[in-house]
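These are the residues of each chain, in order.
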2 protein chains.
Amino acid sequence: MDSTRNLLAVARGAADADLLLCGGRVVNVFTGTIETADVAIAGGRIARVGAPATAGAKRVIDCRGRFIAPGLIDAHVHIESSLCLPAAFAAAVVPRGVTSVVTDPHEIANVAGVAGVRFMAEASRGLPLRVIVMAPSCVPATPMASAGATLTAEDVAALRRDGVAHGLAEVMNYPGVIAGDADLLGKIAAMAGRPIDGHCPGVSGAALSAYAAAGIGSDHEAVTPDEARAKLAIGLQLLIREATNARNLDALLPVITPQNSRRVCFCTDDRAPGELLESGSVDEMVRRAIRFGIDPVEAIRLATLNTAEYFGLGDRGAIAPGRHADVLIFDELQNPVAACVIAGGCEVARDGRLLDPAMPPPPAFAALGRCAIDFERVSFRIKAVGERVRVIGSLADQLVTEHRVERARVVDGFAEADAARDLAKMAVIGRHGGAADGRGDDQGGGNVGLGFIAGIGLRRGAIAGTVAHDHHNLVVIGVDDRSMHTAARAAARNGGGLAVAEGETALAALPLPVGGLMSDRPIDEVAAAHAKLIAAARSLGSPLGDPFMAMSFMALEVIPALKLTDKGLVDVEKFEIVGLFV
Amino acid sequence: MDSTRNLLAVARGAADADLLLCGGRVVNVFTGTIETADVAIAGGRIARVGAPATAGAKRVIDCRGRFIAPGLIDAHVHIESSLCLPAAFAAAVVPRGVTSVVTDPHEIANVAGVAGVRFMAEASRGLPLRVIVMAPSCVPATPMASAGATLTAEDVAALRRDGVAHGLAEVMNYPGVIAGDADLLGKIAAMAGRPIDGHCPGVSGAALSAYAAAGIGSDHEAVTPDEARAKLAIGLQLLIREATNARNLDALLPVITPQNSRRVCFCTDDRAPGELLESGSVDEMVRRAIRFGIDPVEAIRLATLNTAEYFGLGDRGAIAPGRHADVLIFDELQNPVAACVIAGGCEVARDGRLLDPAMPPPPAFAALGRCAIDFERVSFRIKAVGERVRVIGSLADQLVTEHRVERARVVDGFAEADAARDLAKMAVIGRHGGAADGRGDDQGGGNVGLGFIAGIGLRRGAIAGTVAHDHHNLVVIGVDDRSMHTAARAAARNGGGLAVAEGETALAALPLPVGGLMSDRPIDEVAAAHAKLIAAARSLGSPLGDPFMAMSFMALEVIPALKLTDKGLVDVEKFEIVGLFV
């Protein structure tokens, strides 16, 4: 109450502002216009926008000749994909003017359940980035893999009750929603009245009506303009996504019209640390939208007011009295690059750098998830019980795979990798400590799924990692068992990570001690280590831009056609586990 | 859950719809386009919008050649101004396609407090009209009148907690808000995160920033385009009002642009029963907007999606799966006149008439407010203690008055009305049973305020009524004390009402037994009785279009310049009670 009274006094000009942005050209997302005005800030909020006031200010930033826009909002991002904690993620995006993100802590939830969700919320406190946490809706993705946790409708309700979760994150099990699955409807009901995000690639017609009728409010999986238009028409908010591994911006910008633009937002979904540092976040999407020909104020609105309104975040998304003083100050209307960023009323970044780069210590994370594998009991040997094997045909830059059948290379009664044919061996080792359930091979206390994969391009050695959507078991791809063991052990060390090995030698590693998903180091260190890993994999023959990201989706049993989990090969089209030998 | 599962089955085409709107041209407020589509309805909700489905329907309405729009929403209305209960109000607006209203039960709250607010919510249950109740924010308006109740911040919080109130209704005490009044900020805080409606006539500049910074989200008092644009620019939702006594539509339609239109809604605020029946509600505003030149889809959006989005009512405002099946079916895009209205999935009106006009019995209302005046102790005699008196100079069609000083007509030591000079006597009699507090004359157990008024035009007799904003005490205006007594007694009978009298004869009366504000009769009866009252007042000389509405604002002590309450004459500019004689 006292802070509000002071805010009003500053608004009236009866008290000094904490900070005055003086003489800038304010991007007004309500009217679509730009007006020269002073912006007075007090207690972290905007007090007044308008003519200069009689009262003074403790600090003044001269904004003459510059533009003042609301801080940008990423409508949907998995922070874990940056391989960083929220603080380090913030260090990459806040200096670019992204001051709020809506996050789905889906990855850590698959590893550590509700505790993982709460951890992400706690690890986001006190940052210059406002992190709106959504409750993951589909943990685990299916019963065909061993995840580290299960999130129930009651968990979702508790996360809402406790103020941790703002809404329900992308409901990926769209066939389940459309069919009226009780568990999913229960989760949606637990978030009634709150934003419920969707994920329905390629869904159309009556099925799309059913998906929307269940209460889903958005989608970020549209790939073609027609798909995007159909989703807008049925009432879904269109979150245009430009992720490291799924680029939809260029295809979907032509969909935006003055009539529908209020229903469109920007999101990044998954961005690798290197891309965050080099290209940025939704700020890059805004610039590209302007280059495409969208009016700059409209482009900024797509990443500010629209997102705030869709998510019911009336406290941000505009330069207006009462809202959080999250501000992006820039020089060229046609190319908004943050010269200065205000978050919560404080200048936090200048010229693309945080003024205080010190990362706050994260909450305790040692108990988040497990990576306790008894490697003495793990074997990658595949006894040949036939001549032809199913092979995961991975495709460059795609999450879908081909379901191939090829002749096995059999040596001494065992099926082996065949680098000459780009046929690597792949293993998924349960790391969450659940007992083996007789699917896959029962090894090391959990399941181990074994198979073959083409398209990774390794000629020697192996790569391994504990980032494997969505269950995040330990996945290994290699051309010989010894390298696979070395890589797997290196990746599993200290709670998880990514590694490259050849023979007995670990060539490179990136420890991800936070649930096996995130580093506790600054993002530039993480990006550098990540680059080294990719270089090491390249030295072993893989031509892929990011073989680790490719690998992380080869274990995702909800995207067609053939995938491998710790329980074995999954024929996604049949939605069942199938044998390796045919 | 079962109803949702059935909804999804209907959406998929796996179960029969309850109702199928077949082949109509659907107004899509998301995309701004019109598409021919079937609309399948189940369990009161829209299940599917799109191509004809394989499954059938229990009932089909052939909509070929017709347009299908979402039911309209009135963004702000005092239902009490219709002099009718919600059921009778609904009978006037629902057949016109208005299926939701956001209401501020401010009048009944001034009479009966929280019980009045709860009554309005209860009286709205089960109607074909969805009534969203906002918690009144300024009860009483000031301490310079005796209201029937006080609403505290704790009351507001309780109304929220109990699910009665959706948000905070127009915060009329804008000087208090701007100054940081603790009680008002407490009420706003009690509704944090919910819609907080404003009311700030003529406020601009730094004061407008302060008002918005307090958390106010809207305003419906803009009169000029510049005022409206300034309010839009500061982030207030612009509710354009067209009330019986305050007509702003023509002036403000030119303000709407494609850039700002999402921030604009339509509302009626106060409409007399006759106008509701003859002209309608926001449906009339939509038609006039189209005639003005606004695109019909945009005009419909102003009274549907925009209002739903501003108020966070994601369950309505569009023809889209999952939303309430509240539908307006009409023939001409350029002139939307309801041919058929669906509410909650049922056809409720056709060709402007409710299919089932029977009014449900209202909840018990006898205990709402009081009108127990001991008329034996009430006297309208004014002892002349000077020669010159203050006179309320009422102005045609305006709520503001002039503060005049005129020579008194003194007869036998008493100041009397002087019809020759259009100088009537006016009395405001406290009816809420509070003890007199020594202001005004202590008569009849409460206060009686006495004064003179010009501009009503009565040449004989008197008019009286218990509708007197905001405190709703009994107000009487007449040219002789005997007529005033007769009119006052007639108005006070049975809990309150409006009356016209001459000498000992009551010429016409409209009983308003619900809190002295509302009839329990159908709206056509109320409108007819209301017309008779006005005719009777006209027979006594008053040339005003509606002297009762004029009278009802002559006791409102927050609108300049001079008003009369039960505590005496109020100099509104000085914000204090002043003597009658100068």
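Scroll up to find the structure this text is about.
Quantities reported herein were computed from a predicted structural model and do not represent experimental measurements. (Residues numbered from 1 in each chain as written. Chains lettered and ligands numbered in written order. Predicted model: local features only at pLDDT ≥ 70, side-chain atom pairs only at ≥ 80, totals over all residues. Heavy atoms only, no water.)

Draft legend 1. Highlighting the sheet that holds strand 31 (residues 562–565) of chain B. All names here are of chain B. Ordered by their spatial adjacency, three strands build an open sheet running 31-32-33, and the pairing between neighbours is antiparallel. Of all the strands in the sheet, the pair left with one neighbour each is strand 31 and strand 33 (576–578). Direction aside, neighbouring strands of the sheet carry axes that sit 45 degrees apart on average. As paired strands, strand 31 and strand 32 (residues 568–571) are joined by four bridges and run antiparallel to one another. From the neighbouring strand, lysine 563 faces strand 32, where its bridge partner is valine 570. (Pairing = 2+ DSSP bridges. Helix = DSSP H or I, 4+ residues; strand = E, 2+ residues; numbered from the N terminus. Axes fitted to C-alpha atoms, helices over the stretch in contact; angles between N-to-C directions.)

Draft legend 2. Structural view of the relation of the copies chain A and chain B. Once chain A has been moved 0.0 Å along the axis and rotated by 180 degrees, it coincides with chain B to within an RMSD of 0.1 Å. What the rotation and shift describe, once combined, is the action of a two-fold rotation axis. Of the interface residues in chain A, 100% have counterparts in chain B that sit at the interface too, so the contact is made through matching surfaces. (Least-squares fit on C-alpha atoms with pLDDT ≥ 70 in both. Contact = heavy atoms within 4.5 Å.)

Draft legend 3. How the structure looks around the interface of chain A and chain B. At the junction of the two partners, chain A supplies 45 residues and chain B supplies 45 residues. Of all residues in chain A, the largest losses of buried area upon contact with chain B belong to Phe30(A), Gln259(A) and Arg262(A), amounting jointly to 19% of the total for that side. With a shortest N-O distance of 2.6 Å, Glu309(B) and Arg263(A) are connected by a salt bridge. Our enumeration of links across chain A and chain B arrives at 16 residue pairs in polar contact (both at pLDDT 80 or more). Breaking the side of chain A that touches chain B down by element, the ones donating at least two residues are helix 1 (2–12), strand 3 (45–50), helix 5 (174–179), helix 6 (182–190), helix 7 (205–213), helix 8 (225–233) and helix 13 (305–310) of chain A. It is helix 1 of chain A that contributes the most residues to the side of chain A that touches chain B, six residues altogether. Grouping the amino acids of the side of chain A that touches chain B by side-chain chemistry returns 24 nonpolar, 12 polar and nine charged. (Buried area = accessible area lost by both parts, 1.4 Å probe. Salt bridge = Lys/Arg side-chain N within 4 Å of Asp/Glu carboxyl O. Polar contact = N/O pair within 3.5 Å; in protein donor to acceptor, adjacent residues only side chain to side chain. Nonpolar A, V, L, I, M, F, W, Y, C, P; charged D, E, K, R; others polar.)

Draft legend 4. Just the sheet that holds strand 9 (residues 167–171) of chain B, in detail. Residue and element names in this part refer to chain B. The parallel open sheet is built from five strands, whose spatial order is 6-7-8-9-10. The outermost strands of the open sheet, each flanked by one partner alone, are strand 6 (72–77) and strand 10 (196–198). For this sheet the average axis-to-axis angle between neighbouring strands, irrespective of direction, equals 25 degrees.

Draft legend 5. Just the packing of helix 4 (residues 153–161) of chain A against helix 6 of chain A, in detail. All names here are of chain A. Running from N to C, helix 4 and helix 6 cross one another at 10 degrees; their axes reach a closest spacing of 8 Å. The angle between helix 4 and helix 6 falls in the class roughly parallel. Residues Ala153, Val156, Ala157 and Arg160 of helix 4 form the contact with helix 6, whose participating residues are Asp183, Gly186, Lys187 and Ala190. The residue inventory of the contact of helix 4 with helix 6, partitioned by class, reads four nonpolar, one polar and three charged. (Parallel < 35°, antiparallel > 145°, perpendicular 65-115°, else oblique.)

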